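Take a look at the letters that make up each chain.
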Amino acid sequence: MDHADYLIVGAGLAGSTCAYLLRQAGCDVLLVERLDIEAKSKLCAGLVTPRALHELHNIFDTVPHSLFKSQFGVMRCIAAGITVDLHDIQMRSVERRELDRFVLDAYRADGGELLDRFHVRSIDLDAKRIAGTRDGEGREISFDTRVAADGALSFVRKELTGSSPNAILSLETTVANTGAPLTMDYEDGFIGYSWYAPCGDEAKIGCCAYIGEPDLDQRLRSFAQHMNVGYKRCRG
């Protein structure tokens, strides 16, 4: 059986950053991830707030400027048929896969261990042990401290509380940057939102719904038409 003083479930930005900071403090850390790390990609607009940017520079000695693709001073918000431009927002955009890779590489460069393609099947809090499978083979890991960083639909949360959060459905694709501003659209009767976020020569366009949205693809196509862009495929 493997053992780690700190076991972190989820190798996204939060989990990898936590793992990196613990390694910097000299701790024994194991980071586990359900997906193949080489194929893992986060569905999000890739926006970085001033606070997040400040924290990145606080945590890492050097943050490559090439990570940041666009900078925004204005965000357009659409809701209930009203359009408002918010000024002086000072946000930047990143290609999320690149940012996640940068943080994960920093953790690994400090000797951190990653176990991807690991599906957690059960958690025994009394024995401080998780059981799961990797490539079809059973595996157990004991720990002293467990950190749950496995996202909005957290398996760890479900195991600990017995309940799951409301389902979150997301779709996103990449389109040409038309020069339109960063745009967030909150439509009436839609429990969610859509976004258009410039990212260098491209832009991310997507939408997410928290509950009860029967046709998210149609919702995204309608928003894309509103933004005067088209796409053939999306992922979600």
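Whatever comes next refers back to the structure up there.
Conventions we followed
- Residues numbered from 1 in each chain as written.
- Predicted model: local features only at pLDDT ≥ 70, side-chain atom pairs only at ≥ 80, totals over all residues.
- Heavy atoms only, no water.
- Pairing = 2+ DSSP bridges.
- Helix = DSSP H or I, 4+ residues; strand = E, 2+ residues; numbered from the N terminus.
- Axes fitted to C-alpha atoms, helices over the stretch in contact; angles between N-to-C directions.
- Parallel < 35°, antiparallel > 145°, perpendicular 65-115°, else oblique.
- Left-handed = near helix turned anticlockwise from the far one by under 90°.
- Contact = heavy atoms within 4.5 Å.
- Nonpolar A, V, L, I, M, F, W, Y, C, P; charged D, E, K, R; others polar.

S.K.: So what exactly am I meant to see when it comes to the sheet that holds strand S10 (residues 169–176) here?
M.R.: Strand order in the open sheet formed by seven strands is S3-S5-S4-S11-S12-S13-S10, with mixed pairing between adjacent strands. The strands lining the two open edges of the sheet, one partner per strand, are strand S3 (47–48) and S10. Sheet analysis places strand S11 (residues 182–186) next to strand S12 (residues 192–199), joined by three bridges and oriented antiparallel. Along S12, the bridge assignment pairs methionine 184 with tryptophan 195.

S.K.: When you look at the packing of helix H1 (residues 13–24) against helix H3 (residues 96–109) in this model, what are you seeing that I'm missing?
M.R.: Between two packed helices, the angle of one axis relative to the other and the distance separating the axes together describe the packing. Taken N-terminus to C-terminus, the directions of H1 and H3 make an angle of 20°; their axes are 8 Å apart at the nearest point. One element, H1, and the other, H3, form an angle in the roughly parallel class. In this structure, H1 crosses over H3, and the sense of that crossing is left-handed. Contacts between H1 and H3 involve Leu13, Ser16, Thr17, Ala19, Tyr20 and Arg23 from the first element and Arg96, Leu99, Asp100, Val103, Leu104, Ala106 and Tyr107 from the second. Its residues assigned to classes, the contact of H1 with H3 comprises eight nonpolar, two polar and three charged.

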